[in-house]
Amino acid sequence: MLPTRRKKLGRLLVLTALAISLASCSIIGIPDSPLNSLDPQGPFAERIDNLFWPVFWVATVVFVLVEGAMVVSLFLFRDRPGRKEPRQIHGNNKLEIMWTIIPAVILASIAIPTVRGITDLTECGADAYPIQVIGHQWWFEYRYPQEEVVTGTELVMPAGREVCATMTSEDVLHNFWIPALNGKRYLVPGQETQLRLEAFEPGTFIGQCAEFCGLSHSLMRARAVALTEDEFASWVSSQQEPAAQPAEGSEAAAGLEVFLNRCTQCHTVDPFNVVALDEFSGPDLTHFMSRDTIAGGALEYSRENLTRWLANPPEVKPGSYMPDLGLTQEEIDSLIAFLETLE
Ligand code: CUA
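Here is what the cut-offs are and how they apply
- Residues numbered from 1 in each chain as written.
- Predicted model: local features only at pLDDT ≥ 70, side-chain atom pairs only at ≥ 80, totals over all residues.
- Heavy atoms only, no water.
- Helix = DSSP H or I, 4+ residues; strand = E, 2+ residues; numbered from the N terminus.
- Expected span 1.5 Å × (residues − 1).
- Buried < 20%, exposed > 50% of the residue type's maximum accessible area, 1.4 Å probe, protein only.
- Arc of directions from axis to C-beta.
- Contact = heavy atoms within 4.5 Å.
- Disulfide = S-S within 2.5 Å.
- Pairing = 2+ DSSP bridges.
- Salt bridge = Lys/Arg side-chain N within 4 Å of Asp/Glu carboxyl O.
- Phe/Tyr/Trp six-rings, centres within 6.5 Å; stacked < 30°, edge-to-face > 60°.
- Domains from an automatic or database assignment.
- Buried area = accessible area lost by both parts, 1.4 Å probe.
- Polar contact = N/O pair within 3.5 Å; in protein donor to acceptor, adjacent residues only side chain to side chain.
- Nonpolar A, V, L, I, M, F, W, Y, C, P; charged D, E, K, R; others polar.
- Patch = residues over 30% accessible without salt bridge, like charges linked within 9 Å, V, L, I, M, F, W, Y side chains within 5 Å.
- Areas by Shrake-Rupley, 256 points an atom, 1.4 Å probe, with all protein chains shown as cover.

1. Considerations on helix H4 (residues 229-240)
At step 1: The terminal C-alpha atoms of H4, which comprises 12 residues, lie 17 Å apart, in line with the 16 Å expected from a rise of 1.5 Å per residue.
At step 2: Along H4, the residues classified as buried are Phe-232, Trp-235, Val-236 and Gln-239. On an axial view of H4, the arc spanned by its buried residues comes to 100°, and they lie on one face.
At step 3: The elements touched by buried residues of H4 are strand S1 (129-136), strand S2 (139-144), strand S3 (149-152), strand S4 (155-158) and strand S10 (221-227).

And the structure:
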């Protein structure tokens, strides 16, 4: 008796440990991102949805038929005293042919629209609005080649218009996934992949890097913000403006000094400094305040979160290339005052 009890206890302990470690995933306090691929918000995601449901129902019917037949057989032909062996169907040609042809027809009728869909979802239309997506450990960078705009963390796009995301990676494999707008697609170092994105209506759509890419993979969030045509045009023109000079003697001016001394190896704030795009660099901060999240989308913007991030980045994002610079609270406060001028 004792060994079974010990086994049960062991199992309980393993389950408890598992529950605790899974629960710890939420301890870090990142915004919850409900990633729901059953709630399409644009034509490309809808196309996936339109394929998913018929496949789901066919699979359900097959499941019920197969499991039903199994349960019925188990019950009808169960062993009972004095019972003869039921009739065997092994080697029955008719049955063999039938249960080969039917699944083959089902699979073919699923494969054809699937393969067609995969090509359609990744080959952009001629009039699509081009945006480049570059993966970094651990944040997404977005470049708008027509407008010469560079931003990160949030993909701002026009609603009701196809966007052609041309994607690559600076370091390792990443995978861009905004389930409300399309399926997943890899970002491959040294190669370009394309993904069509479109939102029917303005809104914010949450996503996530979907390929394990190192320590902070789970914190590599994606977010698409679809704006009306007018809002998008004014977003573009504000992104093209350089940052304003902070007033002399202000806390923001002190923050600019800290920025120039400590942050310019990786970050750009136009017009104060420029880090060449193709060198290793962190996000362009010229319009820092136009984004709702910081730290590659790991934290919602708030003074408290920004303080936490600046005080010790690798504590927020394990493995972060932004090091703990040992900033004093005074330096952090003035940096924040400066960053908050970057509209
Ligand atoms: Cu990038 Cu996971």
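2. Some points on the state of the cysteines
Any covalent bond linking the sulfur atoms of two cysteines counts as a disulfide.
At step 1: Scanning the model with the defined rule gives 1 disulfide in all.
At step 2: Each sulfur of the disulfide joining Cys-124 and Cys-164 lies 2.1 Å from the other. Between Cys-124 and Cys-164, the S-S torsion sits near 80°, and that sign places the bridge as right-handed. Here Cys-124 is found in the loop between helix H3 (93-122) and S1, whereas its partner Cys-164 is found in strand S5 (residues 163-169), with 40 residues between them in sequence. Assigned by exposure class, Cys-124 and Cys-164 land together as buried.
At step 3: Of all cysteine sulfurs in the structure, the one in Cys-266 sits closest to Cys-263, which takes part in no disulfide; the separation is 9.0 Å.
At step 4: Overall, the relative accessible area of 13% leaves Cys-263 in the buried class.

3. A closer look at the pairing of S5
At step 1: Taking burial as the measure, the 7 residues of S5 include 6 buried ones, the bulk of the element.
At step 2: When S1 meets S5, the two strands line up parallel, connected through 7 bridges. Looking at S5, one finds that Gln-132 is bridged to Thr-166.
At step 3: Both S5 and strand S8 (residues 193-197) contribute to a ladder of 5 bridges, which runs antiparallel. Of the residues in S8, the one forming a bridge with Thr-166 is Gln-194.

4. Regarding the pattern of salt bridges
At step 1: What the rule picks out here adds up to 7 salt bridges.
At step 2: Here Glu-300 makes a salt bridge to Arg-223, at a shortest N to O gap of 3.1 Å. Within this pair, whereas Glu-300 is found in strand S12 (residues 299-300), its partner Arg-223 is found in strand S10, the two being separated by 77 residues in sequence.
At step 3: For the salt bridge of Arg-303 with Glu-340, the shortest nitrogen-to-oxygen distance reads 2.6 Å.

5. Structural notes on the packing of aromatic side chains
At step 1: The final tally for this structure, using the stated rule, is 16 aromatic pairs.
At step 2: Ring geometry for Phe-52 against Trp-53: centres 4.9 Å apart, planes inclined by 80°, an arrangement best described as edge-to-face.
At step 3: Classification of Trp-53 by relative accessible area gives partly exposed; the value is 33%.
At step 4: Taking 5.6 Å as the distance between ring centres and 45° as the angle between the ring planes, the aromatic pair formed by Phe-259 and Phe-338 counts as tilted. Note that Phe-259 is positioned in helix H5 (residues 251-262) and Phe-338 in helix H8 (residues 329-339), a separation of 79 residues in sequence.

6. What to know about helix H6 (residues 303-311)
At step 1: All buried positions along H6 are accounted for by Asn-305, Leu-306, Trp-309 and Leu-310. Buried residues of H6, seen end-on, are gathered within an arc of 130° and therefore sit on one face of the element. Away from its buried face, by an angle of more than 90 degrees, H6 presents the exposed residues Arg-303 and Glu-304.

7. Notes on the domain arrangement of the protein chain
Note: interface size is frequently given as the accessible area lost on complex formation between the parts.
At step 1: According to the domain assignment, the protein chain contains domain 1 (36-64 + 95-240) and domain 2 (251-339).
At step 2: Counting from both sides, the interface comprises 22 residues of domain 1 and, opposite them, 22 residues of domain 2.
At step 3: Across the domain 1/domain 2 interface, buried area totals approximately 1,900 Å², and carbon plus sulfur atoms make up 49% of it.
At step 4: Summed over the shared surface of domain 1 and domain 2, the number is 11 residue pairs in polar contact (both at pLDDT 80 or more).
At step 5: Those elements that place two or more of their residues in the side of domain 1 that touches domain 2 are S2, S3, S10 and H4.
At step 6: At 4 residues, H4 tops the list of elements feeding residues into the side of domain 1 that touches domain 2.
At step 7: Residue composition of the side of domain 1 that touches domain 2, by class: 7 nonpolar, 9 polar and 6 charged.

8. Digging into a nonpolar patch on the surface
At step 1: There is a patch of nonpolar side chains on the surface, built from Leu-38, Phe-52, Trp-53, Phe-56 and Trp-57 and spanning about 490 Å² of accessible area.
At step 2: Structurally, Trp-57 can be placed in helix H2 (residues 43-76).

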